[in-house]
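Fold and geometry: a report
Residues per chain are reported as follows:
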Amino acid sequence: MIVASDSPSAERRPNLFRQPSLVALGARAQILGQHPLTVWLTGLSGSGKSTIAQTLECRLIDAGRACSVLDGDNLRHGLNCDLGFSPEARRENVRRVAEVARLMNDAGLIAIAALISPYAEDRAMARHIVGAEHYFETHLSADVDACERRDPKGLYAKARRGEISDFTGVNAPYEVPTDPAIVLATGSLSVERCVDALFAAVMARAAPSSPGSGMQP
Ligand code: ADP
């Protein structure tokens, strides 16, 4: 059974009580000297989510930022191995990744989440779970034609042959983000140019003194 709900409320869990932490909110981030972010990469299959996530992670580590990648495909081998690609399963996939990203942010880390996350409503849920002050939505803008020309995993060819159902861009929808923090034209620009732009934006937002960080410089 797939539980595709928003964060469970206390009303629905009458016998569960939140255990407050003895460590002050933000203390771990203070040690790491950064404002924790969830860099949420959304885009079609082949738009470059894994490539951008890994390259950004290397750049941030080199710059002394503590971060880690949550790759949607990798997580489907473990945490999310029970989920398929129906709208309900995708929603649960987003919910779980967002919850893990929130835990990473609580630990002071920058989480880089790379998953198609095609539905606007599901991304809004991710923003809600992570918290707007941490959520950094990044749209990897490459249209179906560009992604299909690359087809790095041969999945578009399979989907066109009818061997994959619910394949985003072919026989399942992708709702383009209307208000992302940044858009990367991964369909036309190089990996380096896209990562340069994203790295600069993330470094600015992750700075302890950035607006809304709530941290003392
Ligand atoms: P996704 O994770 O979105 O399915 P991948 O990162 O696995 O996509 O594959 C994207 C492919 O497109 C890779 O082969 C990558 O080298 C290529 N590519 C070309 N230009 C870019 C770019 N600007 N950003 C990301 N990937 C790019």
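Please read all numbers here as calculations on a predicted model, not as lab measurements.

**Some remarks on the sheet that holds strand β4 (residues 135-140)**
Spatially, the five strands line up as an open sheet ordered β2-β3-β1-β4-β5, and their pairing is parallel. At either margin of the open sheet sits one strand with a lone partner, and together these are β2 (67-71) and β5 (182-184). Recorded for the sheet is a direction-independent mean angle of 20° between the axes of neighbouring strands. Where β4 and β5 come together, three bridges link them in parallel fashion. Bridge pairing in β5 places T138 opposite I182.

**Some points on helix α8 (residues 191-206)**
Taking 1.5 Å per residue, 16 residues should reach 22 Å; α8 reaches 21 Å between its end C-alpha atoms and fits that length. Among all positions of α8, only C194, V195, L198, F199, V202 and A206 are buried. Taken end-on, α8 shows its buried residues confined to a sector of 125°, consistent with a single buried face. In the core, the buried residues of α8 are packed alongside β1 (38-42), α2 (49-62), β3 (110-114), β4 and β5.

**Describing unusual backbone geometry**
A positive phi is found at D151, a non-glycine position, where the angle reads about 35°. Relative to the assigned elements, D151 resides in the loop between α6 (144-150) and α7 (155-160). Judged by relative accessible area, which is 16%, D151 ranks as buried. Phi at D166 takes a positive value of approximately 55°, unusual for a residue other than glycine.

**Observations regarding the side chain of E137**
Mapped onto the elements, E137 comes out in strand β4. What makes E137 buried here is its relative accessible area of 6%. A polar atom in the side chain of E137 sits 2.6 Å from the side chain of Y135. Sequence-distant contacts of E137, defined by excluding residues within four places in its chain, comprise W40, T42, R123, R127, P177, P180, A181 and I182.

**Considerations on the layout of surface pockets**
In this model, the largest pocket occupies a volume close to 630 Å³. Residue lining of the largest pocket: 35 residues in total, with S45, G46, K49, D73 and K153 positioned closest to the centre. If you list the elements that add at least two residues to the lining of the largest pocket, you get α2, α3 (72-75), α4 (87-106) and α8. Of the residues belonging to the lining of the largest pocket, the class tally is 14 nonpolar, 13 polar and eight charged.

**Things to note about the nonpolar core**
Core analysis: the largest hydrophobic core is formed by 21 residues, its most contacted members being V39, L41, I52, L60, I112 and L198. For this core, the secondary-structure elements that each account for two or more residues are β1, α2, β3, β4, β5 and α8. Of all the elements, α8 adds the most residues to this core, at six residues. Residues contacting L41, with those up to four places away along its chain left out, are K49, I52, A53, I112, A113, A114, L115, S117, T138, L140 and L198. Counting 16 residues, the second largest nonpolar core, distinct from the first, contains L70, L75, A98 and V130.

**Topic: the packing of α2 against α8**
One way to put it is that α2 packs onto α8 with a least axis distance of 10 Å and a crossing angle of 55°. On the basis of their axis angle, the class for α2 and α8 is oblique. Both α2 and α8 take part in a crossing whose hand is right-handed. The residues of α8 that touch α2, namely those facing T51, I52, T55, L56, R59 and L60, are V191, C194, V195, D196, L198, F199, V202 and M203.

What counts and what doesn't
- Residues take numbers from 1 onward in each chain, read along the sequence in its written order.
- With pLDDT at 70 or above as the cut-off, local features in this predicted model cover only qualifying residues; side-chain atom pairs require 80 or more to be listed or tallied, and sums for whole chains, interfaces and linings still use all residues.
- Side-chain measures here rest on the full set of heavy atoms in the structure, leaving out hydrogens and waters.
- Note on pairing: DSSP must find at least two bridges between two strands before they are called paired.
- In DSSP terms, a helix is any run of H or I states spanning at least four residues, a strand is any run of E spanning at least two, and both are numbered starting from the N terminus.
- Working convention: axes come from line fits to C-alpha atoms, limited for helices to the stretch in contact. Angles between N-to-C directions cover 0 to 180 degrees.
- Expected span of a helix: the number of residues minus one, times 1.5 Å.
- Burial here depends on accessible area, computed with a 1.4 Å probe over protein chains only, as a share of the maximum for the residue type. Under 20% is buried, over 50% is exposed, and the range in between is partly exposed.
- This arc is taken over the directions from the axis of the helix to the C-beta atoms.
- A contact between two residues is defined here by any heavy atoms of the two lying within 4.5 Å.
- Polar contacts here mean pairs of N or O atoms no more than 3.5 Å apart (in protein, one a potential hydrogen donor and the other a potential acceptor; neighbouring residues in sequence count only if both atoms are side-chain atoms).
- Cavity means a closed set of points on a 1 Å grid over the protein atoms alone, one where a 1.4 Å probe fits but cannot get out, pocket means an open set with protein on both sides within 12 Å along at least 5 of 7 lines, and lining means a residue has an atom within 4 Å of a point.
- Grid points are joined across faces, edges and corners, and a volume is the space filled by probe spheres set on the points.
- For this classification, the nonpolar set comprises Ala, Val, Leu, Ile, Met, Phe, Trp, Tyr, Cys and Pro, the charged set comprises Asp, Glu, Lys and Arg, and every other residue, Gly included, is treated as polar.
- In these notes, a set of buried Ala, Val, Leu, Ile, Met, Phe, Trp, Tyr and Cys residues joined through side-chain atoms within 4.5 Å is what counts as a nonpolar core.
- Each angle receives one of four descriptions, namely roughly parallel if under 35 degrees, roughly antiparallel if over 145, roughly perpendicular if within 65 to 115, and oblique otherwise.
- Whether a crossing is left-handed or right-handed is set by the direction in which the near helix is turned from the far one by less than a right angle, anticlockwise for left-handed and clockwise for right-handed.

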